[in-house]
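Listed below are the residues making up each chain.
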Amino acid sequence: MKRHICTLVLAIATFTQSFGQSSSPYKTSFKVDAPITAAGMGLSGLGLYLMQQKDAFTEEEAMAISKSDVNSFDRFAAGNHSASAKKVSDVMLYSSIAAPALLLFDKDISQNTGQMLALYVETMSVTGTLFTMGSAAFPRTRPLVYDKSGDVPLSEKTRANAQNAFFAGHTAAVATMTFFTAKVFHDYNPDSPARPFVWAGAALVPATVGYLRLEAGKHFLSDNIMGYVIGAAVGIAVPQFHKTNSNLSLAPTTIPVQGEAVEGVALQYKF
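K.L.:
Break down helix α6 (residues 113-137) for me, citing the residues and quoting the values.
P.N.:
With 25 residues, α6 should cover 36 Å at 1.5 Å per step; its first-to-last C-alpha distance of 36 Å lies within 8% of that length. Judged by how many residues are buried, α6 sits mostly within the fold: 18 of 25 residues are covered.

See below:
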């Protein structure tokens, strides 16, 4: 698996250098972007593993849990469960993965397909790291565990996955995909009258996914808000850091460590 990940990162970086054209508003670097992407993939995998190692409720604990244990802001969602809402949210998640492909209908963007692909994978790796490591560090019981109607099987309530409510991964991932798409379109088309509609669509789709996850009993409102904000922020920030005229940028640097020079990455701000 590690070999495949490294090969993917190398291929993307090479693809980026080969196809990055002068028409692109972004700059990418193998020394910066390949390590970030590789680290993001590795940490996402580690976080996913840690999420699966959480202590699950015993049957007695699952039966004894009460809605009064939930904070007042989120309590209204405790006990929610809907198989149909879950299925629709899954479909929207998997469909959104291809959202950036719509950008390829733009001639200038299609000329820089490799660079855009590299930025997209890097962006998703950052969100993946934040989600999996954050969820692993902060166990939270899913709303469906609070159901007392008997519609939710006890086996569902006593799984380790039932402790992964915080924060909403589906919402974060979809927000990253749609806001990344809107940001790239925005930067390539500064004079396009379609930009407000693209941003509106980018905002609406993950909000819909968040609502569905709430109805499905997978996440509380605060989980979805957090996922939405983080996903949108990453989807916008990663392309912004790579803009050729941005004051903020990531650049390779040499860091002295115990008398030795170590290659690293620096966040720079130009005044």
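Now that the structure has been shown, the text picks up again.
K.L.:
A description of the packing of α6 against helix α8 (residues 169-188) should follow, citing residues and the corresponding values.
P.N.:
Between α6 and α8, the shortest axis-to-axis distance is 10 Å and the interhelical angle comes to 150°. Taken as axis vectors, α6 and α8 run roughly antiparallel relative to one another. The two elements α6 and α8 meet at a crossing, and its hand is right-handed. Residues Q115, M116, L119, Y120, T123, M124, T127 and F131 of α6 lie in contact with α8, whose contacting residues are G169, A172, A173, T176, M177, F180 and Y188.

K.L.:
Any chance you could break down the nonpolar core for me, citing the residues and the numbers?
P.N.:
Nonpolar side chains tend to gather and get buried jointly when the protein is soluble and globular. Counting residues in each nonpolar core, the largest one holds 15 residues, and the members touching the most others are L103, I109, F180 and V184. Elements that contribute at least two residues to this core include exactly α6 and α8. Residue contributions to this core peak at seven residues, all from α8. Not counting residues within four places of it along the chain, the set of residues in contact with L103 comprises I109, M116, T181, V184 and F185.

K.L.:
An account of the pattern of salt bridges is requested, with residue identities and associated values reported.
P.N.:
Going through the model one piece at a time under the given rule, you end up with eight salt bridges. Linking R140 and D74 is a salt bridge whose minimum nitrogen-to-oxygen distance equals 2.8 Å. Of this pair, R140 sits in the loop between α6 and α7 (154-157) while D74 sits in the loop between α3 (59-64) and α4 (83-96), and the two are 66 residues apart along the sequence. Ionic pairing is found between R213 and D90, a salt bridge with its closest N-O pair at 3.7 Å. Residue R213 is located in helix α9 (residues 195-215), and its partner D90 is located in helix α4; the two are separated by 123 residues in the primary sequence. An identical accessibility class is assigned to R213 and D90; each is buried. Residues joined in a network through salt bridges with shared partners are D74, R140 and D223.

K.L.:
Can you tell me about the side chain of T132, naming the residues and giving the values?
P.N.:
As for its placement among the helices and strands, T132 is situated in helix α6. When near neighbours in sequence (up to four residues on either side) are disregarded, T132 contacts L43, S44, G47, L48 and M51.

K.L.:
Can you tell me about the environment of H242, naming the residues and giving the values?
P.N.:
Structurally, H242 can be placed in the loop between α10 (221-241) and β1 (248-257). Overall, H242 belongs to the buried group, its relative accessible area being 5%. Excluding anything up to four places from it in sequence, H242 contacts P25, Y26, K27, T28, D33, L119 and E122. Separated by 2.5 Å, the side chains of H242 and D33 make a polar contact.

Procedures and definitions
- Residues numbered from 1 in each chain as written.
- Predicted model: local features only at pLDDT ≥ 70, side-chain atom pairs only at ≥ 80, totals over all residues.
- Heavy atoms only, no water.
- Helix = DSSP H or I, 4+ residues; strand = E, 2+ residues; numbered from the N terminus.
- Expected span 1.5 Å × (residues − 1).
- Buried < 20%, exposed > 50% of the residue type's maximum accessible area, 1.4 Å probe, protein only.
- Axes fitted to C-alpha atoms, helices over the stretch in contact; angles between N-to-C directions.
- Parallel < 35°, antiparallel > 145°, perpendicular 65-115°, else oblique.
- Left-handed = near helix turned anticlockwise from the far one by under 90°.
- Contact = heavy atoms within 4.5 Å.
- Core = buried A, V, L, I, M, F, W, Y, C linked by side-chain atoms within 4.5 Å.
- Salt bridge = Lys/Arg side-chain N within 4 Å of Asp/Glu carboxyl O.
- Polar contact = N/O pair within 3.5 Å; in protein donor to acceptor, adjacent residues only side chain to side chain.

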